[in-house]
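Report on the structure
Listed below, chain by chain, are the residues.
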Amino acid sequence: QVQLVESGGGLVQPGGSLRLSCAASGFTLGYYAVGWFRQAPGKGREVVSCISSSDGSTYYADSVKGRFTISRDNAKNTVYLQMNSLKPEDTAVYYCASVRSSTCTNSYDYWGQGTQVTVSS
């Protein structure tokens, strides 16, 4: 079995925080770049963040820069997305994806099932 499983989503008030996890099984995530994507109702899929497998360099969309932090724990075969100062505009289904590459790229091979994040009062 080769799969990615997201977890940690839920309902949170504006200004709150959530920590999403992306756990891999069936392959070694340390060799893969991992990206986080989201899709809001009525909108297309948007890249949120990415982390490389080489030097751990990261990318963030302008809309989340300074609020979200991506990290990885290769011993746990898991990538995280720490989401702080959440806004209603962050409401979406969040997906993680991986590709066997040392750097972030536009093409991903494996996708998780998604986890719902809802930011509302």
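The sections below set out a description of the structure shown in this document. (Residues numbered from 1 in each chain as written. Predicted model: local features only at pLDDT ≥ 70, side-chain atom pairs only at ≥ 80, totals over all residues. Heavy atoms only, no water.)

**Looking at the sheet that holds strand β1 (residues 3-7)**
Sheet strands associate in pairs through backbone hydrogen bonding, adopting either a parallel or an antiparallel arrangement. Reading across from one edge, β1-β3-β8-β7 is the order of the 4 strands in this open sheet, with antiparallel pairing throughout. At either end of the open sheet lies a strand with only one pairing partner, and these are β1 and β7 (68-73). Looking at each pair of strands side by side, their axes are set apart by 15° on average, direction ignored. Pairing of strand β3 (residues 18-25) with strand β8 (residues 78-83) involves 6 bridges; the strand directions are antiparallel. Note on β8: the bridge partner recorded for serine 21 is tyrosine 80. (Pairing = 2+ DSSP bridges. Helix = DSSP H or I, 4+ residues; strand = E, 2+ residues; numbered from the N terminus. Axes fitted to C-alpha atoms, helices over the stretch in contact; angles between N-to-C directions.)

**Remarks on the state of the cysteines**
For the coordinates displayed, the defined rule picks out 2 disulfides. Between the sulfur atoms of cysteine 22 and its disulfide partner cysteine 96 the distance amounts to 2.0 Å. Residues cysteine 22 and cysteine 96 are joined through a disulfide that is right-handed, its torsion about the S-S bond being 70°. Of the two residues, cysteine 22 is situated in strand β3 and cysteine 96 in strand β9 (residues 92-99); the sequence distance between them amounts to 74 residues. Disulfide pairing places cysteine 50 opposite cysteine 104 at an S-S distance of 2.0 Å. Handedness here is read from the sign of the S-S torsion; for cysteine 50 and cysteine 104, about -110°, the answer is left-handed. Of the two residues, cysteine 50 is situated in strand β5 (residues 45-51) and cysteine 104 in the loop between β9 and β10 (110-111); the sequence distance between them amounts to 54 residues. Each bonded cysteine of the protein is numbered by sequence order, and under that numbering the disulfide pairs are 1-3, 2-4. (Disulfide = S-S within 2.5 Å.)

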